[in-house]
Amino acid sequence: MDIKEVDILGDQINHYWYYSSKAKMNRIIFLTKENFLILFIFLVVILFRCPLLLQNDTFYTIKVGEHIINHGLTTKDAFTFHEGINYTSPHWFYDIVIYLIFSIGGFFSVYLSTIIFSLILVSCLYFGFLKLYGHRFVSFFVVCVIIFMIDQGLTARAQLITYILFVLEALILEFSRRKKINNLFLTSSLMAISIAIVNVHCATWVVFFILFMPYFAEHVLSYFCSSTDDDKDSVKIKKLTACKNENIKVLFFVFMVCILTGFISPTGMLPYTYLYDTYQSQTVNFISEHLPLVPFAFPRFLFFISSILTLLIFTRLKISVSQLLMFLGLTLMALMSVRQTMLLFLISGFLLCDLLTRFFMANNPQRIEFYNSNIFTLKGTIVTLLFMALVSYNGISNNLKNPSFDHVYPVEAVEYLTKHVNNKDQLRVFAMYDDGSYLLFKGFKVFIDSRADLYTLPFNKTKDYFNEYSEFVNLSKNISSFIDEYQLTHLIIRNKSLPINTQLTLNAHLKEVYKDDVFTVYQVI
């Protein structure tokens, strides 16, 4: 519990029901039947919401991990037929882990690992909320909301691991704002998280430092405000409070030291240059997850933002400067790039849980205790799961309708090429951006795949193949000249790519050799 509460109430604090129950909750936070039921509910909800269909990134991740194990971490790409282009995987450690998981049980083991990592993520959120805010039902409710918000991010990608690491970082930073923490623990834990992010997915490493900023700003602001009461450590301005952070010197030290942890990686300067090089390329203008968010086209974003704003505007609840800045900063990041919405839902979930806990405890604590007593029982669990199944109907039906990826990726088209060609190495196959990773996984050299950074000039230092690809599929380049320049032997095109498909069909140098409901294979003649 907060030091300020102890200072105000003194020895009488144990006579207050709320604080005594909160202390009891802190002591029994893990070892309860209710918590095991809650984890079971989380597991089932994740199974409802997590798609069986793998994202295209998973295919190249497995293959790159295999290559690193067999040949080490190289600086030249081995999977494209473009010669001598530079590439170092920004998530090399995750690639290895996923390949090892895949080697145990194939795609099922990859899917199972995604479920496990997702459960770890929501468990960290739940027990963190429970420890910070002290109420089981509200913590459970907010985590369920977050699962529905982030289900699109529960996939076999390196981002899922970094979400876990960022949640742990946010927990540590929030605890450090509330009370004095052992310096050794604070330093070692945050440095370990920084090193892990650098090696698991260095593209997201900058977020590690961004999460520090609201806490630094709140501490600095507390010095420039004058308090009207005797509490010199907490300054209140209408609905905002600015508190001095007892751990601020250690946090600043850790912040500065962690800048150097980018060197604790075999990828060289990549952690320091990746983000800059990404925004120097054109991929951020074409890839959907890098594009700016259109709020009215993203109902989850509107629901989440409006929920927090409603609690802030129409209640008397106060929030800290760090909470406000974190919320505003993550909202801005989400508006700038769709992929950051997941981070907004996860980290601003702390603010939502805090607001809801204080709102219900101030207005209707008996109702919350009723939920605590009835939901986390066997009957309550069954009713909850039935409700979750009902609201997850679309996700469940999609998993039942699409148990495999045969009609999403060019599985049968690749099988055709495999049967009719003796030597894959002699082929130079052009496939669409989303399909190249599957060809790569099946042992074909590719023109492009979903490792977008590899094909841009800032990264490979050779040529902007991503721009070449974009011009070709948008018919800005002559088809015959493009085929001759890259000595293509086959093209695998999605049937829905109507403009390019029409032109390929009319081209005298191409012959349609295979076609199914989704893909067409052209052979250069």
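Residues numbered from 1 in each chain as written. Predicted model: local features only at pLDDT ≥ 70, side-chain atom pairs only at ≥ 80, totals over all residues. Heavy atoms only, no water.

1. As for helix α12 (residues 270-280)
- What α12 keeps buried is the set L270, P271, Y274, D277 and T278. Each buried residue of α12 sits inside an arc of 120° when the element is viewed along its axis, so together they form one side. The outward face of α12, more than 90 degrees from its buried face, is lined by the exposed residues Y276 and Y279.
- Where α12 is buried, its residues meet α8 (183-201), α9 (205-210) and α22 (457-460). (Buried < 20%, exposed > 50% of the residue type's maximum accessible area, 1.4 Å probe, protein only. Helix = DSSP H or I, 4+ residues; strand = E, 2+ residues; numbered from the N terminus. Arc of directions from axis to C-beta. Contact = heavy atoms within 4.5 Å.)

2. Focus: a negative patch on the surface
- A contiguous patch of negative charge, built from D406, E412, E415 and D517, is present on the exposed surface.
- Structurally, E412 can be placed in helix α20 (residues 411-420). (Patch = residues over 30% accessible without salt bridge, like charges linked within 9 Å, V, L, I, M, F, W, Y side chains within 5 Å. Areas by Shrake-Rupley, 256 points an atom, 1.4 Å probe, with all protein chains shown as cover. Salt bridge = Lys/Arg side-chain N within 4 Å of Asp/Glu carboxyl O. Lys, Arg positive; Asp, Glu negative; His and termini not counted. Charge placed at Lys NZ, Arg CZ, Asp CG, Glu CD.)

3. Looking at the pattern of salt bridges
- For the structure on display, the rule yields 15 salt bridges.
- Notably, a salt bridge pairs E174 with R178, separated by 3.4 Å at the nearest N-O pair. Taken as a pair, E174 and R178 lie in helix α7 (residues 158-178) at a separation of four residues, close to a single helical turn. In terms of burial, E174 and R178 fall into one category: buried.
- A salt bridge links E289 to R339; the nearest nitrogen and oxygen atoms lie 3.8 Å apart. Of this pair, E289 sits in the loop between α12 and α13 (299-313) while R339 sits in the loop between α14 (321-336) and α15 (341-347), and the two are 50 residues apart along the sequence.
- The partly exposed category is assigned to E289, whose relative accessible area is 22%.
- A network of salt bridges, in which partner residues are shared, links D57, R157, E289 and R339.

4. Thoughts on the side chain of D464
- The residue D464 is located in the loop between α22 and α23 (465-473) in this model.
- K463 is the oppositely charged side chain nearest to the buried, salt-bridge-free D464, at an N-O distance of 9.7 Å.
- A polar atom in the side chain of D464 sits 3.4 Å from the backbone nitrogen of F466.
- Apart from residues no more than four positions distant in its own chain, D464 is found in contact with Q282, Y455, T456 and L457. (Polar contact = N/O pair within 3.5 Å; in protein donor to acceptor, adjacent residues only side chain to side chain.)

5. Digging into empty space enclosed by the protein
- All chains considered together, the criterion is met by three cavities of 30 Å³ or more.
- Reported here for the largest cavity is a volume of approximately 130 Å³.
- For the largest cavity, the full set of lining residues is Y133, A170, E174, Y215, S322, Q323, M326, F327, I347, S348, F350 and L351.
- Here the lining of the largest cavity takes four residues from α14, the largest share from any one element. (1 Å grid on protein atoms, 1.4 Å probe; cavity = no way out; pocket = protein on both sides within 12 Å on 5 of 7 lines; lining within 4 Å. Points joined across faces, edges and corners; volume = space filled by probe spheres on them.)

6. Brief notes about the sheet that holds strand β4 (residues 429-431)
- Reading across from one edge, β4-β5-β7-β6 is the order of the four strands in this open sheet, with mixed pairing throughout. Each edge of the sheet is formed by a strand with only one pairing partner; in this case those strands are β4 and β6 (510-515). Between one strand and the next, the sheet's axes are offset by a mean angle of 25°, whatever the strand orientation.
- Sheet analysis places β6 next to strand β7 (residues 519-524), joined by five bridges and oriented antiparallel. Within β7, the residue paired with E512 across the bridge is Y522.
- Taken strand by strand, α20 contacts β4, β5 (490-494), β6 and β7, and its axis lies near 115° from that of β6. (Pairing = 2+ DSSP bridges. Axes fitted to C-alpha atoms, helices over the stretch in contact; angles between N-to-C directions.)

7. Quick look at unusual backbone geometry
- At K461, a position not held by glycine, the phi torsion is positive, near 60°.
- Residue position: K461 is located in the loop between α22 and α23.
- Its identity is not glycine, yet L475 carries a phi of approximately 65°, on the positive side.
- With respect to the helices and strands, L475 occurs in the loop between α23 and α24 (479-485).
- The exposure class assigned to L475 is partly exposed, which follows from its relative accessible area of 36%.

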